Amino acid sequence: MIRADDLEVAFGRQAGSETLALGSLHLAAGERACVVGGSGSGKTTLLHVLAGIVSPTQGRVRHGETDLFALKEAARDRFRAEKIGYVFQTAQLLQGLSAMENVALAASLAGLGRADARSKAEAILKRVELGHRLDARPGTLSVGEQQRVGIARALVTKPAVVLADEPTASLDERRSAEVLDLLDEVVAEAGATLLLVTHEPRVRDRFERVLDLDDGPLEVDS
Ligand SMILES: Nc1ncnc2c1ncn2[C@@H]1O[C@H](COP(=O)(O)OP(=O)(O)OP(=O)(O)O)[C@@H](O)[C@H]1O
Ligand SMILES: [Mg+2]
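To start, this report covers the structure provided alongside it. Since the structure is predicted, the reported quantities are computational estimates derived from the model, not experimental observations. (Residues numbered from 1 in each chain as written. Chains lettered and ligands numbered in written order. Predicted model: local features only at pLDDT ≥ 70, side-chain atom pairs only at ≥ 80, totals over all residues. Heavy atoms only, no water.)

### Some thoughts on the overall build of the protein
Counted only if it meets this: Helix and strand assignments come from DSSP, with helices taken as H or I runs of at least 4 residues and strands as E runs of at least 2, each series counted from the N terminus. Restricting the calculation to C-alpha atoms gives the radius of gyration, and the globule rule supplies 2.2 Å times the number of residues raised to the power 0.38. Burial classes: relative accessible area under 20% of the type maximum marks a residue as buried, over 50% as exposed, and values in between as partly exposed (1.4 Å probe, protein chains only). Any pair of residues with heavy atoms lying within 4.5 Å of one another is described as a contacting pair. A 1.4 Å probe and the Shrake-Rupley method give the accessible areas. Residues count as covered only by the protein chains that appear here. Here Asp and Glu are counted as negative and Lys and Arg as positive; His is not counted, and neither are the chain ends. Every charge is mapped onto a representative atom, which is NZ of Lys, CZ of Arg, CG of Asp or CD of Glu.
Secondary structure summary: the protein contains seven helices and nine strands in total. Relative to the 2.2 N^0.38 estimate, which gives 17 Å for 222 residues, the radius of gyration of the protein is 17 Å and therefore close to what a compact globule would have. When its C-alpha atoms are laid out on the principal axes, the protein stretches across 50 × 40 × 35 Å. The 222 residues of the protein split such that 48% are buried. Sequence-distant contacts, at least 24 apart, represent 69% of the contacts inside the protein between residues at least 6 apart. In the structure as shown, the protein presents an accessible area of about 10,500 Å², 48% of it carried by carbon and sulfur atoms. Side-chain charges of the protein comprise 27 positive and 33 negative groups, with the mean position of each set lying 7 Å from the other.

Shown next, in the form of structure tokens:
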């Protein structure tokens, strides 16, 4: 369950610096919703705040009983590693590690032992059809393949919350549908909450609940 209330983010410290009012958003455990809005409307910033990557200048984020910004930074990082799967708008893989090591690292950070982390990483990479590229460095993978590694990394811990920032933007129609099916499957298996940003009408159509940042700050019952 996510309860975000009255969120505002200010960038820069100087007077008159831009403030982004994101509003309030409550998602039940197991709920799926998508976020739409024009470029610069705050979609990525909203996901960053919900993940505890960016601190809001006003408002509060609770994941279940946990008040995210009441945690010290190290505790917040640990909470994110254990409970939140984040798919970045660009995959953001570590170039010095193989595909498998990138995914296994996320599992290790969430507390899994080395052997367990590697076998879970291998299994999820097979599910995104990258079983033949386990040892590949990210730089040798196509953009779409890198994005699938990023998705595997987000899902390897079966997190309670999945935040996905345009996860299918670099995939063709077939792969996009497959990746979204996989996201839905893993999210359903774990009873996880899914919040996904998209520009694509065919992705948006898969969601009953659509939050539009172009309509102004989010309201709880929107
Ligand atoms: N670190 C930052 N410093 C200053 N301004 C920022 C920073 N991060 C975001 N912004 C501004 O906040 C606004 C929202 O940015 P955000 O990245 O959330 O948009 P978005 O909806 O994800 O856009 P896109 O569809 O292009 O990805 C933009 O005006 C952006 O310039
Ligand atoms: Mg964005």
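Moving on from the model shown.
### Here's the deal with the pattern of salt bridges
We count it as follows: Just to be clear on terms, a salt bridge is a Lys or Arg side-chain nitrogen sitting within 4 Å of an Asp or Glu carboxyl oxygen.
Counted according to the given criterion, the structure contains 17 salt bridges. One salt bridge connects Arg175 with Glu178, and the closest N-O pair in it is separated by 3.9 Å. Residue Arg175 and its partner Glu178 are both found in helix α6 (residues 173–190); the two are separated by three residues, about one turn of the helix. By relative accessible area, which is 31% here, Glu178 ends up partly exposed. Each of Arg32, Asp181, Asp184 and Arg206 takes part in salt bridges that share partners, so that together they form one network.

### Comments concerning the site of ligand 1
Worth spelling out the cut-off: Proximity criterion: a residue is near a molecule or strand once any of its heavy atoms comes within 4 Å of it. Counted as a polar contact is a pair of N or O atoms within 3.5 Å, where, for protein atoms, one must be capable of donating a hydrogen and the other of accepting one, and residues adjacent in sequence contribute only when both atoms are in side chains. Each residue is assigned to one class: nonpolar for Ala, Val, Leu, Ile, Met, Phe, Trp, Tyr, Cys and Pro, charged for Asp, Glu, Lys and Arg, and polar for all the others, Gly among them.
Taken together, 13 residues sit near ligand 1, with Ser39, Gly40, Lys43, Thr44 and Thr45 positioned nearest. In this structure, an oxygen atom belonging to ligand 1 sits 2.9 Å away from a main-chain N or O atom of Gly40. Within the contact set of ligand 1, an oxygen atom lies 3.3 Å away from a backbone nitrogen or oxygen of Ser41. A total of 640 Å² of accessible area belongs to ligand 1 in isolation, and the protein chains cover 58% of it. Sorting elements by how many residues they give to the shell around ligand 1 places helix α1 (residues 43–50) first, with three residues. Here the residues of the shell around ligand 1 sort into two nonpolar, nine polar and two charged.

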